[in-house]
Amino acid sequence: AETWTTVSSMHSAREDHSATLLPNGKVLVTGGYLSGNGVIATAELYDPTSSTWTTLSSMNIAREYHTATMLCSGRVLIAGGDSSGTAEIFDYATPSWTLTPALTNGTYQQTANLLPNGKVLLAEYSNGALYDSVSGTWSYTPLMNSPRVGHTGNLMPNGKVLIAGGIDTLHTLSPTNAAEVYDPALGTWTTVAPMNNARSTTLSVLLPSGKVLVAGGSTANPGSSELYDPASGTWTVTGYMNVDRTASSITLLPNGKVLVAGGYHPYNGLSSAELYDPVTGVWTYTGSMAAIHDQHTATLLPNGKVLVAGGSANSAQSAELYDPATGTW
């Protein structure tokens, strides 16, 4: 029990890449960083049915720390991760890549959220940018109240977007606990209560309760986690993870629990994984991965399993599956 199942390796080793579940059930993996080669533009598809990877044509631009957002049309917007702020669209039906207008500035470690109106909110430094997939154009929101990178961004049930933590790019250049909310109806940013811990490159996920779980990251308490309640606009400390970790992955499972896998602590890579139970607020170990994965991706598949792919060091090409029904990988 609680063992890992490895699947076929990707064609390219990579870290700091993106992974997106497509409407056809396959997973699109793009870009990232390849040790010895630098930033890459390659892309490939994982097929859960055959458990195989297929190489696609490369993106127009090499990029890492970019975002990949599924649009209402089923196409995928790839944005940022380069010094020029370029963006492109992947059409899985073709399949093909098409450049779309670039942002004003280069973007790294930004967040991207699909809004209820179909637009995509991109947030980084002090900028908020909106992509309209119908017209293929960008527009800009007012400046954020707290410039930052390496933060979290979560669409909440009320249609607003919570931005929390990150590196304060204006004052201290260190992790911040500042949080704010973007209201697409008003087009405004509003500061909300700060987190209990300053943190960057942290994990976050929207829970079925409507609260947002934020955990780990670069902080004085890297094992800590806390909950944001949009109804009260407040943060509440919840359980500590069993291992301090950053550069991990976080996935909401069909059973309502949250899977956190891999990462590093604080300089050693991790293969361990654990589950957060929103009912009890407790973290418990689940099966460990077969390899160390950090700066990887984790994708919930239609069958309820989780695909972990890539990462730094020796796992940069490997992939594994977690089955929440049995607690095994």
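Presented here is an overview of the structure given in this document. Computed from a predicted structure; not experimentally measured.

**A short note on the nonpolar core**
Moving on, step 1. Counting 12 residues, the largest nonpolar core consists of Leu203, Val205, Leu207, Leu213, Ala215, Leu227, Met241, Ile250, Val258, Val260, Tyr276 and Trp283.
Moving on, step 2. At the level of elements, β22 (203–206), β23 (212–215) and β27 (258–261) are the ones that each hand at least two residues to this core.
Moving on, step 3. Residues contacting Ile250, with those up to four places away along its chain left out, are Leu203, Ser204, Val205, Leu213, Val258, Leu259 and Val260.

**Details of the environment of Pro302**
Moving on, step 1. Residue placement: Pro302 occurs in the loop between β32 (297–300) and β33 (306–309).
Moving on, step 2. In the structure, Pro302 is positioned 284 residues away from Ser18 in sequence and 18 Å away in space, judged by C-alpha atoms.
Moving on, step 3. With residues up to four places along the chain from it excluded, the contact list for Pro302 reads Leu21 and Gly25.

**Concerning the sheet that holds β22**
Moving on, step 1. With antiparallel pairing, four strands are arranged side by side in an open sheet as β22-β23-β24-β25. For this open sheet the edge positions go to β22 and β25 (234–238), each flanked by a neighbour on one side alone. Direction aside, neighbouring strands of the sheet carry axes that sit 25 degrees apart on average.
Moving on, step 2. Two strands pair when backbone bridges link them, and strand β24 (residues 225–229) and β25 are joined in this way by five bridges, in the antiparallel orientation. Residue pairing for β25: Asp229 is matched across the bridge by Thr234.

**Some words on the pattern of salt bridges**
Moving on, step 1. Enumeration according to the criterion identifies six salt bridges in this entry.
Moving on, step 2. With a shortest N-O distance of 2.7 Å, Arg63 and Glu88 are connected by a salt bridge. Separated by 25 residues along the polypeptide, Arg63 in the loop between β7 (52–56) and β8 (67–70) and Glu88 in strand β10 (residues 87–91) bring together distant segments of the chain. With respect to class, Arg63 is no different from Glu88; both count as buried.
Moving on, step 3. Of the charged contacts in the structure, one is a salt bridge between Asp183 and Lys160, with a shortest N-O distance of 3.9 Å. Residue Asp183 is located in strand β20 (residues 179–183), and its partner Lys160 is located in the loop between β17 (152–155) and β18 (161–164); the two are separated by 23 residues in the primary sequence.

Analysis parameters
Residues numbered from 1 in each chain as written. Predicted model: local features only at pLDDT ≥ 70, side-chain atom pairs only at ≥ 80, totals over all residues. Heavy atoms only, no water. Core = buried A, V, L, I, M, F, W, Y, C linked by side-chain atoms within 4.5 Å. Buried < 20%, exposed > 50% of the residue type's maximum accessible area, 1.4 Å probe, protein only. Helix = DSSP H or I, 4+ residues; strand = E, 2+ residues; numbered from the N terminus. Contact = heavy atoms within 4.5 Å. Pairing = 2+ DSSP bridges. Axes fitted to C-alpha atoms, helices over the stretch in contact; angles between N-to-C directions. Salt bridge = Lys/Arg side-chain N within 4 Å of Asp/Glu carboxyl O.

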